[in-house]
Amino acid sequence: MDVRKSSRDIESERILAGIGLVLLATACFATLDTATKLSTAGVPILMGVWFRYAFQAIATTVVLLPREGAALLRTRHPKFQLLRGALLLTSSTLAFFSLRYMPVAEFTSIVLIAPLVITLLAAITLNEQVSPLRWALVAGGFVGTLVILRPGGEALSWAVLLPIGLVLTNAWFQVLTSKLVRTENPLTMHFYTGWVGTLMASLALPFVWTSLPGWEWWALLCLMGFLGTVGHFILILAYQRAPASTLTPYLYAQIAFAMLGGWVMFSQVPDRLSLIGMALIAVCGAAGAWLTVRERRVPIEPAES
């Protein structure tokens, strides 16, 4: 009896630790987005994207390659690794441009409808059966998005197409991830994603590179790279301690952290309708993401630039 109780206590502690780590990861990603918005005021966007990926690629290589050796480089699907890296680079670039024109909280809320879009993609491309509850959650998430965007109102502009494009590319990225994770080492996928993004972004670097006006801009870029790298590492630790179906709803705490970052750094406070839309997205998105993970046993990755 004592052994069973002790085992339950250990399991409960692991789950609580996983939840704590997920909350810390979402705080990292929300801070990253806030820092990204700050960087767009003084750093060319494509230069910022390159630095973000280069930092993560080098840090990942330094940490993983000595430990994993040649096994880290082995992949059965190099073409899909390339496509996955290209999709994430596209998502990141759209995130940088989105944050230049949008408040952090509204951006984060719209991006977090990605799990709901995955439901649509799975129904259309994979012929998966979608329950009425899932369709209701998808509809609720899109209603929340419309409440934030308010078609016909001042909030709607061409800039909203950027996070919508990001949602689509990120959804394809996660669908592809759910396929690759069945045969590929997640660390290998993370390694190739960083280097594909770095090498592809390097193509534009000669055309956008500029000397920055002060050391604080370089410090900001380093902070962005650090937050992205550490955030992903913390997320891996969280999923090692608790089931994805338990942790996924907590990813929506990122909306609260994004609101805090937008308020502290830019004095941006969402109005009442935007708060209602965010709450609707959080509830429907968290439930939809939880169902996605529970049914497919695939973790949904949080929104980050």
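Predicted model only: the values in this text are computed from it and were never measured.

Colleague: Kindly report on the overall build of the protein chain, identifying the contributing residues and their values.
Modeller: Within the protein chain, the secondary structure is distributed over 13 helices and zero strands. Going from N to C terminus, the protein chain has its helices and strands arranged as α-α-α-α-α-α-α-α-α-α-α-α-α. By the burial criterion, 51% of the 305 residues in the protein chain qualify as buried. At a minimum sequence separation of 6, the contacts of the protein chain that also span at least 24 residues come to 88%.

Colleague: Just give me the short version of the packing of helix α4 (residues 104–111) against helix α12 (residues 253–266), but keep the residues and values in it.
Modeller: A pair of packed helices can be characterised by two numbers: the angle between their axes and the separation between those axes. Direction vectors running N to C along α4 and α12 enclose 160 degrees, while the axes themselves pass 7 Å from each other. One element, α4, and the other, α12, form an angle in the roughly antiparallel class. By crossing handedness, the relation of α4 to α12 is classed as right-handed. Residues Val104, Ala105, Thr108 and Ser109 of α4 lie in contact with α12, whose contacting residues are Gln254, Ile255, Ala258, Met259 and Phe266. For the contact of α4 with α12, a count of residues per class yields six nonpolar, three polar and no charged.

Colleague: Could you give an account of the packing of aromatic side chains, naming the residues involved and the relevant values?
Modeller: The full count for this structure, using the stated rule, is five aromatic pairs. Taking the centre distance of 6.1 Å and the plane angle of 80 degrees together, the rings of tryptophan 50 and tryptophan 209 count as edge-to-face. In this pair, tryptophan 50 is assigned in helix α2 (residues 45–68) and tryptophan 209 in the loop between α9 (205–208) and α10 (215–241), connecting sequence segments 159 residues apart. Owing to a relative accessible area of 18%, tryptophan 50 belongs among the buried residues under this scheme. Between tryptophan 209 and tryptophan 218, the ring centres sit 5.8 Å apart and the planes meet at 40 degrees, which makes this aromatic pair tilted. Classification of tryptophan 209 as partly exposed rests on a relative accessible area of 44%. A relative accessible area of 30% places tryptophan 218 in the partly exposed class. An aromatic cluster is present here, built from Trp50, Phe51, Trp209 and Trp218 joined pairwise through their rings. We note arginine 52 situated over the ring of tyrosine 53; from NZ or CZ to the ring centre the distance is 5.7 Å.

Colleague: Go over the environment of alanine 17, please, and point to the residues and values.
Modeller: Tracing the backbone through its elements, the reader meets alanine 17 in helix α1 (residues 2–39). Given the relative accessible area of 32%, alanine 17 is considered partly exposed.

Colleague: Run through the environment of glycine 261, naming residues and quoting values.
Modeller: Within the element layout of this structure, glycine 261 appears in helix α12. On a C-alpha basis, the gap between glycine 261 and threonine 31 in space is 6.6 Å, while along the polypeptide they are 230 residues apart. Beyond its immediate chain neighbours, meaning those up to four positions away, glycine 261 contacts Thr34 and Phe266.

Cut-offs applied
Residues numbered from 1 in each chain as written. Predicted model: local features only at pLDDT ≥ 70, side-chain atom pairs only at ≥ 80, totals over all residues. Heavy atoms only, no water. Helix = DSSP H or I, 4+ residues; strand = E, 2+ residues; numbered from the N terminus. Buried < 20%, exposed > 50% of the residue type's maximum accessible area, 1.4 Å probe, protein only. Contact = heavy atoms within 4.5 Å. Axes fitted to C-alpha atoms, helices over the stretch in contact; angles between N-to-C directions. Parallel < 35°, antiparallel > 145°, perpendicular 65-115°, else oblique. Left-handed = near helix turned anticlockwise from the far one by under 90°. Nonpolar A, V, L, I, M, F, W, Y, C, P; charged D, E, K, R; others polar. Phe/Tyr/Trp six-rings, centres within 6.5 Å; stacked < 30°, edge-to-face > 60°. Lys NZ or Arg CZ within 6 Å of the ring centre and 35° of its normal.

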